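Structural overview for review
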Amino acid sequence: MKILIKFFAIVLFLGLISCKKDTKSPEPAEEPLPVVVPTATTGSVKLVFTHMVDTLPLIFNQNFINAKGDTFLVNKLRYYISNIVITKNDNSIYVEPNSYHLIDHDFPATRTLNIVNLPFTSYKSISFMLGVDSTKSTAGAGTGDLSQANGMYWMWSSGYIMFKLEGYSPKSGSPTKFLEFHIGGYSGINKVQRNFDINISNTPAIVSSSVTPIINLSVNINEIFKTPNLIDFSTQFSIASTGSNAKMIADNYADMITLKSVQN
Amino acid sequence: MKKIAVIFFYFGVFVFTSCKVDPKIIEPLPTDNLVEVIPEGWPNPVYSFSVNTISEDKFVLGRALFYDPILSVDSTVSCGSCHQQFSAFAHADHNFSHGIYDRLGTRNAPGLFNLNWLPLFMHDGGINHIEVQPLGPITNTLEMGADINPVIAKLQASSKYKNLFKKAFGTDVVNSQNMLRAMAQFMGLIYSYNSKYDLFKRHENNVQLSDAELRGYNLFLTNCNSCHKEPLFSDFAFRNNGISVNIYLKDTGRAHITGLPQDRYKFKTPSLRNIAKTAPYMHDGRFNTLQECLDHYANVKPNLINLDPLLQNNGLPLSAQDKQDIIAFLYTLTDYKFLADRRFADPN
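Within each chain, residue numbers correspond to sequence positions counted from 1 in written order. In the order they appear in the text, chains get letters beginning with A and ligands get numbers beginning with 1. Given that this is a predicted model, residues contribute local features only at a pLDDT of at least 70 and side-chain atom pairs are listed and counted only at 80 or more, while totals for whole chains, interfaces and linings are drawn from all residues. The basis for the side-chain values is all heavy atoms of the structure; hydrogens and waters are excluded.

Brief notes about the overall build of chain A
Filter applied, for reference: Segments assigned H or I by DSSP are reported as helices when at least four residues long, segments assigned E as strands when at least two residues long, and all are numbered from the N terminus. Exposure classes here rest on a 1.4 Å probe applied to the protein chains alone. A residue is buried below 20% of its type maximum, exposed above 50%, and partly exposed in between. A contact between two residues is defined here by any heavy atoms of the two lying within 4.5 Å. The Shrake-Rupley method, run with a 1.4 Å probe sphere, supplies the accessible areas, and residue values consider only the shown protein chains as cover.
Summing up its helical and strand segments, chain A has three helices and 16 strands in all. Taking all 264 residues of chain A together, 45% fall into the buried category. Taking the contacts inside chain A whose residues are at least 6 apart along the sequence as the reference set, 73% of them involve residues at least 24 apart. Roughly 13,500 Å² of accessible area belongs to chain A as shown, and the carbon and sulfur atoms make up 59% of that amount.

Encoded structure:
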């Protein structure tokens, strides 16, 4: 019992001196009022798509060699990236709203996507779709990147052209040696959207007020002609409708986008 | 005698000058009662104006665009050129319509009404939404032959359209979405639900069908209604109804879109509403009369590729009298109110 009383006394004493300490601290009122700056709690990530032909950067109207060993050049490259989802280290996700982007090699600015409103934290993966989902493909008149006036829409058989590559090859079976790959089809067994999951957990993107991480992605055009379907331009030089040929190209481009680096 | 001649001369002058009446100022067309309609007993429409709220200004813009040849490459052909109101917006007396430079199309222009209920557009179902439907004929080289961007540029350069777009959408910057939504608004508000048949079904104005019409209605229910389903008079499915393949066109129909062998020679079931006004018939306009259509259905060759199972047994068992009665019934599907509705007329 005595011990208990002693204990209470000590606790009370400690409590009292700790209170004294508080009163010693400077009065906030004596200091000038701090200016309250609303601090941002979200930042952004840049997603940079670099067009490559294997190890070489893609340059329009310049000759490259495809997997079959044939010379070709590219003079048009456009595709849709949509449904971007970025995953935090704690596995929660940020879904970009209205996430539809038309990337056009002719306009370098379109090759960088800014993902905004990202809470400050670390991100370990990013996923997106190459193409336009069936919901937006059946939603009528679009606007901006989804406008029907971007040359990426079939008027006679509704649907977006998800991926468009044009060029020339001396091997092309067309009389003008033209190459034309207009790949579309939003539903059914021959749909051509392909999903990409980019794991960046080795170098997580750390979004903060001072850092906008850059995720560099490589888009290897030669993958379109390589695996699993080796493309021979003498017979496959023009695909411009939905169906099994379009699916064949889609299966090829399913692995064409890979991680190059993350810069924080 | 001279005097009489002079009198006649002056009288003549008077008569001729009196003919020179000042051009009448054209009254603007009505835009009253622009509301979504779902007639009693009809299914919910596919398109409900939810993202394209109805407004008088959008309707007026859509109507102006529908009737304006500015949408074609050389500003000669409008939607209304081949979709005439008096023919229920089909092309009267044309199996194929002529587009720019007198180019002939390859399919018959269908009537346009109750379009909000269509899940897919065109005879082959290639177009999946009412808003993007106009892009088909605008860009088809046999029809209006234009590209969408030059059309937008022409509209942008027109003070008339800048004004109409400003009124309809609050901005005079023309874009494809606003253009297409205005057109969808006009097209979607073209309803037809006031035929004699409709009044009879709704017990309005004590309208009765004649004996022949009633017999025809009962025959219709037995023989036709499984595909030309009430109340829209179509199931909007794709079927081969047994007409032979046109050896010159070799039109594969639905397979043109899907690429599937089982879709070859199938075409969308058309609505039979206003059918008396939309001749000629079939996707290639091969039949001029309803009699020819019924003669075909009463004698379908079996074993055609992908022939509809409902027509396998040599078609429909119809006597000459049956056909007459069915035709009498089909005439009750004409909606004269819709055909004469000034809201849908050419404003120019």
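Quick word on the overall build of chain B
Here is the rule we go by: When charges are tallied, Lys and Arg are placed among the positive residues and Asp and Glu among the negative ones, while His and the ends of the chain are skipped. The atoms used to mark charge sites are NZ of Lys, CZ of Arg, CG of Asp and CD of Glu.
Counting its secondary structure elements, chain B contains 13 helices and two strands. The dimensions of chain B, computed from C-alpha atoms along their principal axes, are 80 × 60 × 45 Å. Per-residue burial for chain B yields a buried fraction of 51% across its 348 residues. About 17,300 Å² of surface is accessible on chain B, with carbon and sulfur atoms providing 57% of the total. Taking the 33 positively charged and 33 negatively charged side chains of chain B as two groups, their mean positions are separated by 4 Å.

Some points on the interface of chain A and chain B
Put simply, the rule reads: By convention, the term buried area covers the 1.4 Å-probe accessible surface removed from two parts as they join, with the contributions of both added. By salt bridge we mean one thing: a side-chain nitrogen of Lys or Arg within 4 Å of a carboxyl oxygen of Asp or Glu. Polar contacts, as used here, are pairs of N or O atoms within 3.5 Å; protein pairs need one atom able to donate a hydrogen and one able to accept it. Residues neighboring in sequence count only if both atoms are side-chain atoms. Gly is put with the polar residues, along with every residue not named as nonpolar or charged; the nonpolar set is Ala, Val, Leu, Ile, Met, Phe, Trp, Tyr, Cys and Pro, and the charged set is Asp, Glu, Lys and Arg.
Opposite the 17 residues of chain A that make contact, chain B presents 19 residues. Taken over both partners, the interface formed by chain A and chain B buries close to 1,400 Å², and the fraction arising from carbon and sulfur atoms is 52%. Contact with chain B buries surface across chain A, with Ala141(A), Ala149(A) and Met155(A) losing the most and accounting together for 40% of the total. Here chain A and chain B share zero salt bridges between them. Between the two partners, chain A and chain B, sit eight residue pairs in polar contact (both at pLDDT 80 or more). Residue classes in the side of chain A that touches chain B are distributed as seven nonpolar, 10 polar and no charged.

Some thoughts on the pattern of salt bridges
Two side chains with opposite charge may pair up if their charged atoms get near one another. Inspection of the entire model under this criterion finds 22 salt bridges over all chains. Note that Asp235(B) is salt-bridged to Arg239(B), the shortest N-O span being 2.6 Å. Judged by its relative accessible area of 22%, Asp235(B) falls in the partly exposed class. When salt bridges with common partners are traced through the structure, they connect Lys68(A), Asp70(A), Lys171(A) and Asp232(A) into a single cluster.

What to know about the packing of aromatic side chains
What counts is decided by this rule: Two aromatic rings, drawn from Phe, Tyr or Trp (for Trp, its six-membered ring), form a pair once their centres lie within 6.5 Å of each other, and the interplanar angle then sorts them: stacked below 30 degrees, edge-to-face above 60, tilted otherwise. Charge-over-ring contacts are defined here by two conditions on Lys NZ or Arg CZ: a distance within 6 Å of the ring centre and an angle within 35 degrees of the ring normal.
On inspection of all chains with the given rule, the structure shows 33 aromatic pairs over all chains. On the basis of an interplanar angle of 65° and a centroid distance of 5.8 Å, the ring pair of Phe49(A) and Phe128(A) is categorised as edge-to-face. Taken together, the positions of Phe49(A) in strand 1 (residues 42–53) and Phe128(A) in strand 8 (residues 121–130) put the pair 79 residues apart, joining distant regions of the chain. With respect to burial, Phe49(A) and Phe128(A) carry one shared label: buried. Each ring, one from Trp154(A) and one from Trp156(A), has its centre 6.4 Å from the other, and the planes form 45°; the classification is tilted. Trp156(A) sits in the partly exposed class, given a relative accessible area of 39%. Aromatic rings pair up to connect Phe59(B), Phe66(B), Tyr67(B), Phe89(B), Phe113(B), Phe186(B) and Phe338(B) into one cluster. Geometry around Phe238(B) places Arg254(B) over its ring, the cationic atom sitting 4.3 Å from the centre.

Focus on the nonpolar core
Quick reminder of the rule: By nonpolar core is meant a set of buried Ala, Val, Leu, Ile, Met, Phe, Trp, Tyr and Cys residues that side-chain atoms within 4.5 Å join together.
Ranked by size, the top nonpolar core spans 121 residues in total, and within it Phe49(A), Leu71(B) and Met179(B) carry the most contacts. If you tally residues by element for this core, the top one is strand 4 (residues 71–88) of chain A, at eight residues. Membership of the second largest hydrophobic core comes to 30 residues, among which are Leu199(B), Leu209(B), Leu272(B) and Leu316(B).

Some thoughts on the pairing of strand 11 (residues 178–184) of chain A
Residue and element names in this part refer to chain A. For clarity, the threshold we go by: Paired strands are those between which DSSP finds at least two bridges.
The buried count for strand 11 comes to six of seven residues, which makes it a mostly enclosed element. Note: strand 10 (residues 159–168) against strand 11, seven bridges, orientation antiparallel. Residue pairing across strands places Leu165 opposite Phe181, the latter belonging to strand 11.

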